[in-house]
Amino acid sequence: MDKLYFLTAGVPLKAGTKGYKRGFEIHDEMGLDGLELEFVHGVRISDKSREAVKESGKIITAHAPFYVNLNAREADKVEASVQRIIETAEVANELGGYSITYHAGFYLNQDAETVYEKIKTQTQIITDTLKSAGNKIWIRPETTGKSTQWGDLDEIIRLSKEFETVLPCIDFSHIHARYNGFWNTYDEFASIFEKVGNELGQVALDNFHAHIAGIEYSAKGEKKHLNLEDSDFNYKDLLKAFKAFNIKGAIVCESPNIEDDAKLLKDYYLSL
């Protein structure tokens with residue numbers, strides 16, 4: 001990527017029921033750069049919406065459905081999870097997408113190393129299937145917000161080392177919530193970028209995919225997303241770290257007021 005882009009998690013709310021075309025017009029009006037396709041319950045998008053996305057010229061990412069668990073106990077659920085990730089990548093690639101992300105799975109009271117190996121095995125199937133189809137879109141397991149979910153930063157970096165087309169999606173708000181309020185200072189944010197650069201190389205810093213939102217949490221981790229100004233998340237120091245490390249890629253705003261907070265983030269970043 002050539003710079004840092006600011007995206008909404010889905011169609012801007014101000015578009016109402018008018019869909020993607022109006023959503024992209026709102027992006028233009030607000031100076032925003034694109035959106036993350038939110039495939040919440042299934043990988044479904046109408047032909048009209050496909051055309052609007054293709055014609056938009058915007059930066060596009062995609063989030064696989066939430067019914068994904070690559071460590072499910074039932075084989076059919078694992079297979080369905082793999083297929084949902086593949087389908088997300090296929091649609092995103094067709095629409096000129098940059099990368100896709102997903103919540104990879106749950107520990108289910110199993111040993112972390114055992115879970116890692118199971119998720120690695122399924123990731124191999126995903127990447128092999130997409131490679132055979134000529135699909136080279138970035139595949140990104142996301143850092144998760146609860147200790148019951150697989151996907152702390154180290155696990156996702158480790159998995160990214162194994163596959164050419166896998167890189168992290170770092171949800172900074174999830175990391176903040178997972179550790180009950182830590183990871184919220186400039187030095188802590190900087191250490192994340194240092195770790196990613198040292199472990200995965202400059203390519204990871206030049207092709208970044210991040211999620212940012214306000215967040216409510218407890219000792220058990222993430223509870224719900226909040227607007228940035230209604231939470232304790234230190235987005236200003238985070239953006240200072242983005243600037244200092246010259247990170248390039250896509251920031252997706254997942255606050256409830258997606259376009260307003262995306263603009264807040266972009267305006268503050270450009271002011272630095």
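Everything that follows concerns the structure shown earlier in this document.
Residues numbered from 1 in each chain as written. Predicted model: local features only at pLDDT ≥ 70, side-chain atom pairs only at ≥ 80, totals over all residues. Heavy atoms only, no water.

Enquirer: Help me out: how do you make sense of the packing of helix H4 (residues 112-132) against helix H5 (residues 153-162) in this one?
Expert: Working note: a packed helix pair is described by the angle between its axes plus the distance between those axes. The contact between H4 and H5 brings their axes to 11 Å, and the two run at 40°. With respect to H5, the element H4 is oriented oblique. The handedness of the crossing between H4 and H5 comes out as right-handed. Across from Ala112, Glu113, Tyr116, Glu117, Ile119, Lys120 and Thr123 in H4, the residues of H5 making contact are Glu155, Arg158, Leu159 and Glu162. (Axes fitted to C-alpha atoms, helices over the stretch in contact; angles between N-to-C directions. Helix = DSSP H or I, 4+ residues; strand = E, 2+ residues; numbered from the N terminus. Parallel < 35°, antiparallel > 145°, perpendicular 65-115°, else oblique. Left-handed = near helix turned anticlockwise from the far one by under 90°. Contact = heavy atoms within 4.5 Å.)

Enquirer: I'm lost on H4 in this one. Help?
Expert: Residues spaced three or four apart along an α-helix point in a common direction, a consequence of the helix completing one turn every 3.6 residues. With 21 residues, H4 ought to run about 30 Å at 1.5 Å a step, and its terminal C-alpha atoms sit 30 Å apart, in line with that. Of the positions making up H4, those classed as buried are Val115, Tyr116, Ile119, Gln122, Thr123, Ile126, Thr127 and Leu130. Within H4, the buried residues cover an arc of 140° as seen down the axis, which keeps them to one side. What points out from H4, more than 90 degrees from its buried face, is the exposed set Lys131 and Ser132. Among the structural elements, helix H3 (75-94), strand S5 (105-106), strand S6 (138-141), strand S7 (149-150) and H5 are those in contact with the buried residues of H4. (Expected span 1.5 Å × (residues − 1). Buried < 20%, exposed > 50% of the residue type's maximum accessible area, 1.4 Å probe, protein only. Arc of directions from axis to C-beta.)

Enquirer: How should I be thinking about the packing of helix H1 (residues 19-30) against helix H2 (residues 47-56) in this particular structure?
Expert: Taken N-terminus to C-terminus, the directions of H1 and H2 make an angle of 25°; their axes are 8 Å apart at the nearest point. Regarding the angle of H1 to H2, the classification is roughly parallel. In this structure, H1 uses Tyr20, Lys21 and Phe24 to contact H2, whose residues at the interface are Ser49, Ala52, Val53 and Ser56. Looking at the contact of H1 with H2, its residues break down into 4 nonpolar, 2 polar and 1 charged. (Nonpolar A, V, L, I, M, F, W, Y, C, P; charged D, E, K, R; others polar.)

Enquirer: In this structure, what is going on with unusual backbone geometry? I would like to understand it.
Expert: Across residues other than glycine, the phi torsion is negative in most instances, and most of the peptide bonds are trans. Positioned with a positive phi, Asn109 is a non-glycine residue whose angle comes to about 60°. By secondary structure assignment, the location of Asn109 is in the loop between S5 and H4. Take Asn109: its relative accessible area is 83%, and that puts it in the exposed class. With phi around 50°, Asn246 is a residue other than glycine that occupies positive phi space. By the element assignment, Asn246 lies in the loop between helix H9 (235-244) and strand S12 (249-253).

Enquirer: Help me out: how do you make sense of the side chain of His176 in this one?
Expert: Note on placement: His176 falls in helix H6 (residues 172-178). Overall, the relative accessible area of 0% leaves His176 in the buried class. The contacts of His176, once residues within four sequence positions are left out, are Gly181, Phe182, Trp183, Asn184, Ile215, Tyr217, Asp232 and Phe233.

Enquirer: Just to check I follow, could you spell out the pairing of S12 for this structure?
Expert: Along any regular strand, the residues point their side chains to alternate faces of the sheet. Most of S12 is tucked away, with 5 of its 5 residues classed as buried. Bridge count for strand S1 (residues 4-9) against S12 is 5 bridges, and the pairing is parallel. Bridge pairing links Tyr5 to Ala250 in S12. (Pairing = 2+ DSSP bridges.)

Enquirer: Would you mind showing me how to read the state of the cysteines here?
Expert: Each disulfide is one covalent bond, formed between the sulfur atoms of two cysteines. Overall, the coordinates contain 0 disulfides when judged by the stated rule. No disulfide involves Cys169; its sulfur sits 13 Å from that of Cys253, the nearest cysteine. Given the relative accessible area of 0%, Cys253 is considered buried. (Disulfide = S-S within 2.5 Å.)

Enquirer: What is the right way to read the sheet that holds S6 from this model?
Expert: Strand pairing in a sheet takes place through backbone hydrogen bonds and is either antiparallel or parallel in direction. Taken in spatial order, the 8 strands of this open sheet run S6-S4-S3-S2-S1-S12-S9-S8, and their pairing is parallel. Edge strands, defined here as strands with exactly one partner in the open sheet, are S6 and strand S8 (170-171). With respect to the sheet, H3 is in contact with strand S3 (59-63), strand S4 (99-102) and S6, its orientation differing from that of S4 by roughly 155°.

Enquirer: Can you help me understand the pattern of salt bridges in this one?
Expert: Side chains that differ in sign of charge can pair as their charged atoms come close. Applying the stated criterion across every chain yields a total of 18 salt bridges. Measuring nitrogen to oxygen at the nearest pair gives 3.5 Å for the salt bridge that ties Lys14 to Glu259. Of this pair, Lys14 sits in the loop between S1 and H1 while Glu259 sits in helix H10 (residues 258-271); the two residues are 245 residues apart in sequence, bridging distant segments of the chain. Under the relative-accessibility criterion, Lys14 is labelled partly exposed at 49%. Residue Asp28 pairs with Lys58 through a salt bridge whose shortest N-O separation is 2.4 Å. (Salt bridge = Lys/Arg side-chain N within 4 Å of Asp/Glu carboxyl O.)

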